[in-house]
Amino acid sequence: MDAVLNEDEERIAEIQKLYLEIGSIDLMWDRMDEAEDWLIDRLRTNKATIKDYINYAHCCFIRGDRMMAYENYLEAKRLCKSNRTFFEIFRPDRKMLVEKGIPLEQVYLMEDQLLK
């Protein structure tokens, strides 16, 4: 992305926020504080999506607030039509959660709690 945008930080930030708007946190894993602020604003509106709740929960999980993460994952799950739908959205992010410091066992434990 830097090569395409010639390291234009302002434009890169705009694109990262656009990705968040479409529900993808992929470009913001290294800017979690900014992602979290944007997601908090988004959750305060009526525009919040399932992916917004999951992404905000990821932010909480990474910074160690497991209870807040659980509550937001639970809200996302409630908005899904089924457990399967929720986990189809959640599970692709496992690898990044682990890469950001969450032990895989903790990710599995969170999933187990969400199944109850």
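Calculation criteria
- Residues numbered from 1 in each chain as written.
- Predicted model: local features only at pLDDT ≥ 70, side-chain atom pairs only at ≥ 80, totals over all residues.
- Heavy atoms only, no water.
- Buried < 20%, exposed > 50% of the residue type's maximum accessible area, 1.4 Å probe, protein only.
- Helix = DSSP H or I, 4+ residues; strand = E, 2+ residues; numbered from the N terminus.
- Arc of directions from axis to C-beta.
- Contact = heavy atoms within 4.5 Å.
- pLDDT = per-residue confidence, 0-100.
- Expected span 1.5 Å × (residues − 1).
- Phe/Tyr/Trp six-rings, centres within 6.5 Å; stacked < 30°, edge-to-face > 60°.

1. Overview of helix H6 (residues 83-90)
Since the α-helix packs 3.6 residues into each turn, any two residues three or four apart lie on the same face.
Part 1: By the burial criterion, the buried members of H6 are Phe86, Phe87 and Phe90. In a view along the axis of H6, the buried residues occupy a sector of 90°, so they form one face of it.
Part 2: Turning to H6, the residues buried within the fold contact helix H4 (50-62), helix H5 (66-79), helix H7 (94-99) and helix H8 (104-115).

2. Examining the confidence of the model for the protein chain
Part 1: A residue-level look at the protein chain finds 76% of positions with pLDDT of 70 or above and a mean pLDDT of 84.
Part 2: Within the protein chain, helix H1 (residues 2-5) has the poorest average pLDDT of any element, 51, and H5 the best, 97.

3. Some details on H4
Part 1: Along its 13 residues, H4 runs 18 Å from first to last C-alpha, staying within 8% of the 18 Å computed at 1.5 Å per residue.
Part 2: Inspection of H4 places Asp52, Tyr53, Ile54, Asn55, Tyr56, Ala57, His58, Cys59, Cys60 and Phe61 among the buried residues, and these make up the whole buried set.
Part 3: A positive phi of about 95° marks Gly64, the residue just after H4.

4. Some thoughts on the packing of aromatic side chains
Part 1: In total, this model carries six aromatic pairs according to the counting rule given.
Part 2: Ring geometry for Tyr73 and Phe90: centres 5.0 Å apart, planes at 85°, overall edge-to-face. Of this pair, Tyr73 sits in helix H5 while Phe90 sits in helix H6; the two residues are 17 residues apart in sequence, bridging distant segments of the chain. Here Tyr73 and Phe90 have matching classes, each one buried.

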